[in-house]
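Chain and residue survey
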Amino acid sequence: MGYFPNWRPASGATVLPDEKLPAAAAVPMAFQHLLAMSGSTILAPIIMGFDPNVAVFFSGIGTLLFFILTGGRVPSYLGSSFAFIAVVLAVLSAPGATIGHALGGIVICGLIYALIGLVVMAVGSAWVEKLMPPVVTGTIGMAIGLNLAPVAISQLGKGGEASAGHMTIALLTVLAMGMVSCYGSQALRRVSVLMAMIFGYVLVLVFGGRVAGVDAIDFTKVAEAAWFGLPNFTSPVFEWSHITMIAPVAIVLVAENLGHIKALGSITGKNMDGYIGRGFLGDGLATMIAGSGGGTGVTTYAENIGVMAMTKVYSTLIFPIAAVIAIILGLSPKFGAILQTIPAPVLAGLAVSVFGLIASAMARIWVDNKVDFSDPRNLFTAGVALILGAGDFTVTFGGFALGGIGTSTFAALVTYQLLGLSRKA
């Protein structure tokens, strides 16, 4: 068996990972995956203050790298990870901190993640699954959503100066996302973030400048921007106090990617456990590369897994096509300028929706895996970690600072294992 599959033409309604579609069908499918990832991949960098165009560019680079390192056998798209938002905003709130300082933390986080991937490639993934059972992974993910709640509320209230118009459009954007998620077709549900963004954008186009507190969209920079040009790359700055706040996110990314690869194995009917280590390595290196140039940390996307589950098209060849298109878009300053026009009330509504969904979706991990909360070990692990995450409990000594996401992550990992040891004793 070669390093890459010998892709054969698809012969049935279900297209397996080692099968290929004709170009006329593959390109539209690649665009569908771009749409699925676009809402979240664009939203995360904007909230963090990063250039979304750069994030889109590096999502394409990262997806190509992941495709190569996994031997073209794991169908995945890599987009901006929401796990970085809280820690990046915490870094940027420090005196004198810049985007570069956050990027330094992202690069080191990717390095740790990649090293974990090398260990898994050498000894297998059983230790990861034992260290992070569903109660732990669900708790860590929920803590991220709860930790981000103050960010969403601040945007909704516009720092305490929100007008009725701002909040109305924000809440209508929330409602739009909820309506699409509940009543839209399967295809629309997969792009609910994008649909809500478009809905809110249209509201501002109609009412901006006509309703108090809702500014009209300024397209001056869009008109001035070139069609093609290099993205606005930014170099990382490595400072220990900032690195320690962001590096623990590597544990979150491990848990996230592990779940996604398991899910892919389930829906494709092909056991992909042998590629878990390579997946971690690819995702980690992609995060390092993104952080080295001004992009957000990346992760495999559940949105794209959803598209595959809906269409029954799992061909891995779809993803390099989508990646190349993303890179081309990232090389268009005009595309980036359009992204920068997304209005503040729309971003506020999306933040409320998406951050809430991060928390509630993680509870599904507990439900799907039948986590027993009558077991004090599970109950105590989740309870302690959630309080630390929601309260953004930060540990600081010397030049070391561990923010709420980090303390919550380590609390979940350590508490669960310690309580297990006491039982054995």
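Residues numbered from 1 in each chain as written. Predicted model: local features only at pLDDT ≥ 70, side-chain atom pairs only at ≥ 80, totals over all residues. Heavy atoms only, no water.

**Some remarks on the overall build of the protein**
Helices and strands together make up the secondary structure of the protein, namely 20 helices and 6 strands. The C-alpha atoms of the protein give 21 Å as radius of gyration, which agrees with the globular expectation for 425 residues (22 Å, within 12%). Residues counted as buried form 55% of the 425 residues belonging to the protein. Intrachain contacts of the protein at a sequence separation of at least 6 include 80% that bridge at least 24 residues. With the model as given, the accessible surface of the protein reaches about 17600 Å², and the carbon-plus-sulfur share is 69%. The distance from the centre of the 19 positive side-chain charges to the centre of the 17 negative ones in the protein is 10 Å. (Helix = DSSP H or I, 4+ residues; strand = E, 2+ residues; numbered from the N terminus. Rg over C-alpha atoms; globule rule 2.2 N^0.38 Å. Buried < 20%, exposed > 50% of the residue type's maximum accessible area, 1.4 Å probe, protein only. Contact = heavy atoms within 4.5 Å. Areas by Shrake-Rupley, 256 points an atom, 1.4 Å probe, with all protein chains shown as cover. Lys, Arg positive; Asp, Glu negative; His and termini not counted. Charge placed at Lys NZ, Arg CZ, Asp CG, Glu CD.)

**Thoughts on helix H19 (residues 376-390)**
Helix length check: H19, at 15 residues, gives a terminal C-alpha distance of 21 Å against a target of 21 Å (1.5 Å per residue), a fit within 8%. Taken residue by residue, H19 has Arg377, Asn378, Thr381, Ala382, Ala385, Leu386, Leu388 and Gly389 as its buried positions. Projection of H19 onto a plane perpendicular to its axis shows the buried side chains occupying an angular sector of 165°, all on one side. Looking at H19, the residues exposed on the side facing more than 90 degrees away from the buried face are Pro376, Leu379, Phe380 and Ile387. The distance from a side-chain oxygen at the start of H19 to the backbone nitrogen of arginine 377 is 2.9 Å, and the residue carrying that oxygen is aspartate 375. Following H19 by one or two positions, aspartate 392 adopts a phi angle in the positive range, close to 50°. (Expected span 1.5 Å × (residues − 1). Arc of directions from axis to C-beta. Polar contact = N/O pair within 3.5 Å; in protein donor to acceptor, adjacent residues only side chain to side chain.)

**So, the pattern of salt bridges**
One side chain can pair with another of opposite charge once the charged atoms of both are near each other. The final tally for this structure, using the stated rule, is 4 salt bridges. Note that arginine 8 and glutamate 19 form a salt bridge whose closest N and O atoms lie 3.4 Å from each other. Of this pair, arginine 8 sits in strand E1 (residues 8-9) while glutamate 19 is found in strand E2 (residues 19-20), placing the two residues 11 residues apart along the sequence. Exposure remark for arginine 8: the relative accessible area of 36% places this residue in the partly exposed category. Residue glutamate 19 is classed as buried on the basis of its relative accessible area of 4%. One network of salt bridges, in which partners are shared, links Arg8, Asp18 and Glu19. (Salt bridge = Lys/Arg side-chain N within 4 Å of Asp/Glu carboxyl O.)

**Some details on the environment of isoleucine 46**
Relative to the helices and strands, isoleucine 46 resides in helix H1 (residues 23-48). As for isoleucine 46 and leucine 347, which are separated by 301 residues in sequence, their C-alpha atoms are 8.4 Å apart. Those residues in contact with isoleucine 46, other than ones at most four positions away along the chain, are Pro52, Leu339, Ile342 and Leu347.

**Notes on H1**
Over its 26 residues, H1 runs 37 Å from end to end, which matches the ideal 38 Å to within 8%, given 1.5 Å per residue. Roughly 40° is the biggest bend found in H1, and it falls at methionine 37. Glycine 49 sits one or two positions beyond H1 and adopts a positive phi of about 90°. (Bend = angle between axes of the 7 residues up to and from the residue.)

**Regarding the packing of aromatic side chains**
If you walk through the whole model with that rule in mind, you get 9 aromatic pairs. With a centroid separation of 6.3 Å and 35° between ring planes, the pair formed by phenylalanine 4 and tryptophan 7 is classed as tilted. The structure contains a cluster of three or more aromatic residues connected by ring pairs, namely Tyr3, Phe4, Trp7 and Phe67. (Phe/Tyr/Trp six-rings, centres within 6.5 Å; stacked < 30°, edge-to-face > 60°.)

**Considering the packing of H1 against helix H2 (residues 52-69)**
Interhelical geometry of H1 versus H2 gives an angle of 130° and a closest axis separation of 8 Å. In terms of orientation, H1 and H2 fall into the oblique class. As H1 packs across H2, the resulting crossing turns out to be right-handed. Here Met37, Thr41, Ile42, Pro45 and Ile46 of H1 come into contact with H2, specifically with Pro52, Ala55, Val56 and Ser59. (Axes fitted to C-alpha atoms, helices over the stretch in contact; angles between N-to-C directions. Parallel < 35°, antiparallel > 145°, perpendicular 65-115°, else oblique. Left-handed = near helix turned anticlockwise from the far one by under 90°.)

**Details of the packing of helix H13 (residues 249-268) against helix H15 (residues 302-311)**
Packed helices, taken two at a time, are described by the angle their axes make and the gap between the axes. Where H13 contacts H15, the two axes come as close as 11 Å, and the packing angle between them is 0°. Considering their axes alone, H13 and H15 lie roughly parallel with respect to each other. Seen from H13, the contacting residues are His260, Leu264 and Ile267; seen from H15, they are Ala302, Ile305, Met308 and Ala309. Looking at side-chain class alone, the contact of H13 with H15 contains 6 nonpolar, 1 polar and no charged residues. (Nonpolar A, V, L, I, M, F, W, Y, C, P; charged D, E, K, R; others polar.)

**A word on the side chain of threonine 300**
Locating threonine 300 in the fold gives a position in strand E4 (residues 298-300). Of note is the side chain of threonine 300, whose polar atom sits 3.4 Å from the side chain of asparagine 257. Polar contacts involving the side chain of threonine 300 include one to the side chain of histidine 260, which spans 2.7 Å. Those residues in contact with threonine 300, other than ones at most four positions away along the chain, are Phe66, Ser76, Tyr77, Leu78, Asn257, His260 and Asp283.

**A look at the nonpolar core**
Judged by nonpolar contacts, the single largest core of 107 residues is most densely connected at Phe84, Ile246 and Phe355. With residues up to four places along the chain from it excluded, the contact list for phenylalanine 355 reads Ile47, Phe82, Ile85, Gly145, Leu148, Val151, Ala152 and Leu350. Val54, Phe57, Phe58 and Ala290 belong to the second-largest nonpolar core, a separate cluster that totals 5 residues. (Core = buried A, V, L, I, M, F, W, Y, C linked by side-chain atoms within 4.5 Å.)

**Focus: the side chain of lysine 334**
Following the sequence through the fold, lysine 334 ends up in helix H17 (residues 333-339). The buried charged residue lysine 334 lacks any salt bridge partner; its closest oppositely charged side chain belongs to glutamate 224, at an N-O distance of 9.4 Å. Here lysine 334 is in contact with Val222, Ala223, Ala225, Ala226 and Trp227, once residues within four sequence places are set aside.

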